[in-house]
Amino acid sequence: MGQQPVRVYCKGVILGYRRSQRRQYPNQTRIQIEGVRTRDETTFYAGKRVAYVYKAKRARTTTRGRVTRYRCIWGRIIAPHGSSGCVRAKFATNLPPSAIGKAVRVMLYPSRV
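Residues numbered from 1 in each chain as written. Predicted model: local features only at pLDDT ≥ 70, side-chain atom pairs only at ≥ 80, totals over all residues. Heavy atoms only, no water.

## Examining the environment of Thr29
Among the secondary structure elements, Thr29 is positioned in strand S2 (residues 24-33). Along the primary structure Thr29 and Asp40 are separated by 11 residues, whereas in three dimensions their C-alpha atoms are 19 Å apart. Here Thr29 is in contact with Ile14, Gly16, Tyr17, Val87, Arg88, Ala89, Phe91 and Leu95, once residues within four sequence places are set aside. (Helix = DSSP H or I, 4+ residues; strand = E, 2+ residues; numbered from the N terminus. Contact = heavy atoms within 4.5 Å.)

## Brief notes about a nonpolar patch on the surface
Among the surface-exposed residues, Val6, Val8, Trp74 and Tyr109 lie close enough to one another that they form a single nonpolar patch of about 390 Å² accessible area. Turning to its location among the elements, Trp74 is positioned in strand S4 (residues 67-81). Judged by its relative accessible area of 32%, Trp74 falls in the partly exposed class. (Patch = residues over 30% accessible without salt bridge, like charges linked within 9 Å, V, L, I, M, F, W, Y side chains within 5 Å. Areas by Shrake-Rupley, 256 points an atom, 1.4 Å probe, with all protein chains shown as cover. Salt bridge = Lys/Arg side-chain N within 4 Å of Asp/Glu carboxyl O. Buried < 20%, exposed > 50% of the residue type's maximum accessible area, 1.4 Å probe, protein only.)

## Description of unusual backbone geometry
Here the amide bond leading from Tyr109 into Pro110 is cis, since omega sits at 0°, within 30 degrees of zero. Along the polypeptide, Pro110 turns up in the segment after strand S6 (103-107).

## Structural notes on the nonpolar core
Note that soluble globular proteins tend to have their nonpolar side chains buried in a common cluster. Core analysis: the biggest nonpolar cluster contains 17 residues, and Ile31, Ile33, Tyr45, Tyr52, Ile77, Phe91 and Leu95 have the highest contact counts within it. Every element with two or more residues in this core is listed here: strand S1 (9-19), S2, strand S3 (49-61), S4, strand S5 (86-91) and S6. When residues no more than four places from it in sequence are discounted, the contact partners of Ile31 are Gly12, Val13, Val50, Cys86, Val87, Ala89, Phe91 and Val104. (Core = buried A, V, L, I, M, F, W, Y, C linked by side-chain atoms within 4.5 Å.)

## Here's the deal with the sheet that holds S4
The six strands are arranged S1-S2-S5-S4-S3-S6 in a closed barrel whose pairing can be described as antiparallel. Strand-to-strand, the axes of this sheet are offset by a mean angle of 45°, without reference to chain direction. Relative to S4, S3 runs antiparallel, the two being bridged by nine bridges. From the neighbouring strand, Ala51 faces S4, where its bridge partner is Trp74. (Pairing = 2+ DSSP bridges. Axes fitted to C-alpha atoms, helices over the stretch in contact; angles between N-to-C directions.)

## Brief notes about the pairing of S2
Across seven bridges, the pairing between S1 and S2 is antiparallel. When the sheet's bridge partners are listed, Val13 is paired in S2 with Gln32. Following S1, the chain reverses through four residues before pairing antiparallel with S2. As defined by bridge partners, S2 adjoins S5 across four bridges and the pair is classed as antiparallel. In the strand pairing of S5, Gln32 is matched with Cys86.

Written out as structure tokens, the structure reads:
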């Protein structure tokens, strides 16, 4: 019997930047994680790493010598946002506006168990 592939991340969607009525803060991003609907459920994801994987126009050579067009911006979940299961994340570099509405991977590490 073959083993099922194991996925070490949850899916999420970028909702936009953290904002107020007249200003937005592009250094923090709001993310809705699949299956998370309350503020209490977000505590498990605090401190978890987030990856925004996208396809670029030009290929680059990776550190391992492979040529690829896929790139990744890493971030970390820093706090819950509101009462509907949304979280805030900070990325190594601010996400571009074209990332809004796109998918992210919420890694299930580092573990706090």
